[in-house]
Amino acid sequence: MKKTILTSFIILCLLPILFLMGCKISVKAELVTLYVDDDNVTGPWDGTLAHPYQNITSGLEHAKDGNTIFVKAGTYCEHVVVNKSVSLVGEDRDSTIVDGNGIGKVISITANNVSIEGLTIKGSGLGPYDCGISIDYSTGNYISHNTITNNKEGIGLYSSRNNVVSGNTITNNKEGIGLYSSSNNVVLGNTVTN
């Protein structure tokens, strides 16, 4: 009799576990897009479409890995350091401009798995490592469909691997694309002139 009660008790305890094992629990990552618009000069600034950040740097400060930062058309005079795995997407390649004002690197990528698309990037400094886009010790990045112009070097990859640079127009720079101590990168379908 004790054996039957014990067996029944064990079965009753295991039934909920067996039921839960049959259930699939799915968790979806929330895809978040933060917005940037240089026309929002008075705020508030919370990264929503109604209240976008005024500059790209503010968007990056509030972004988390996996977020998209959508940059509205305009001119953004700043030096952007991308230290998170985000997508930086311009509204229009010809009218979404990041301008370094002739100083330093315009966009520096130090994180992995960054995507930069649809921007005009111009105005780096003339120092030895100054460029439109600098990829430093980084992997898995995607640089595509940008216009990169009037920089010392258009794109520089430094000790970086497994990156894709494709479909960009790289023109009127002192140097086009430089790979330094970098390997397994794909450079494909870019137009490099002057």
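To be clear, the structure that these remarks concern was listed above.
This is a predicted model, so every value here is computed, not measured.

So, about the overall build of the chain. Check the secondary structure of the chain and you find two helices and 18 strands. In the chain, the proportion of contacts linking residues at least 24 apart, taken out of those at least 6 apart, comes to 42%. Total accessible area on the chain is roughly 10700 Å²; 59% of this is exposed by carbon and sulfur atoms.

We now examine the nonpolar core. Formed by 30 residues in total, the largest nonpolar core has its most connected members in I56, I107, I109 and I133. At the level of secondary structure, the elements contributing two or more residues to this core comprise β1 (33–36), α2 (56–62), β2 (68–71), β4 (80–82), β7 (107–109), β10 (131–136) and β13 (153–158). When neighbours within four sequence positions are excluded, I133 is seen to be in contact with I107, I109, I121, I143, I148, G154, I155 and G156.

Strand order in the open sheet formed by six strands is β3-β6-β9-β12-β15-β18, and the pairing between neighbours is parallel. With partners counted over all chains shown, the strands left at the sheet margins are β3 (74–77) and β18 (191–193), one partner each. In this sheet, adjacent strand axes meet at a mean angle of 15° when their direction is disregarded. Two strands pair when backbone bridges link them, and strand β15 (residues 169–171) and β18 are joined in this way by three bridges, in the parallel orientation. Residue pairing in the sheet places I170 in a bridge with V192 of β18.

This part covers the sheet that holds β2. Here seven strands make up an open sheet; going across it, the order is β1-β2-β5-β8-β11-β14-β17 and the pairing parallel. Sheet topology places β1 and β17 (186–188) at the edges, where each strand pairs with a single neighbour. Recorded for the sheet is a direction-independent mean angle of 10° between the axes of neighbouring strands. Relative to β17, strand β14 (residues 164–166) runs parallel, the two sharing three bridges. Bridge pairing in β17 places V164 opposite V186.

Glancing now at the environment of T147. On the secondary structure map, T147 appears in strand β12 (residues 147–149). Overall, the relative accessible area of 15% leaves T147 in the buried class. C-alpha separation for the pair T147 and K122, spaced 25 residues apart in sequence, amounts to 8.3 Å. Once you skip the residues sitting within four places of it in the chain, T147 turns out to touch R93, L119, T120, I121 and T169. Side-chain polar atoms of T147 contact the side chain of R93, separated by 3.0 Å.

Quick look at the side chain of D99 now. Among the secondary structure elements, D99 is positioned in strand β6 (residues 96–99). For the buried D99, which has no salt bridge, the nearest side chain bearing the opposite charge is K122, at an N-O separation of 4.2 Å. Beyond its immediate chain neighbours, meaning those up to four positions away, D99 contacts T75, Y76, C77, E78, V106, K122 and G123.

The rules we used
Residues numbered from 1 in each chain as written. Predicted model: local features only at pLDDT ≥ 70, side-chain atom pairs only at ≥ 80, totals over all residues. Heavy atoms only, no water. Helix = DSSP H or I, 4+ residues; strand = E, 2+ residues; numbered from the N terminus. Contact = heavy atoms within 4.5 Å. Areas by Shrake-Rupley, 256 points an atom, 1.4 Å probe, with all protein chains shown as cover. Core = buried A, V, L, I, M, F, W, Y, C linked by side-chain atoms within 4.5 Å. Buried < 20%, exposed > 50% of the residue type's maximum accessible area, 1.4 Å probe, protein only. Pairing = 2+ DSSP bridges. Axes fitted to C-alpha atoms, helices over the stretch in contact; angles between N-to-C directions. Polar contact = N/O pair within 3.5 Å; in protein donor to acceptor, adjacent residues only side chain to side chain. Lys, Arg positive; Asp, Glu negative; His and termini not counted. Salt bridge = Lys/Arg side-chain N within 4 Å of Asp/Glu carboxyl O.

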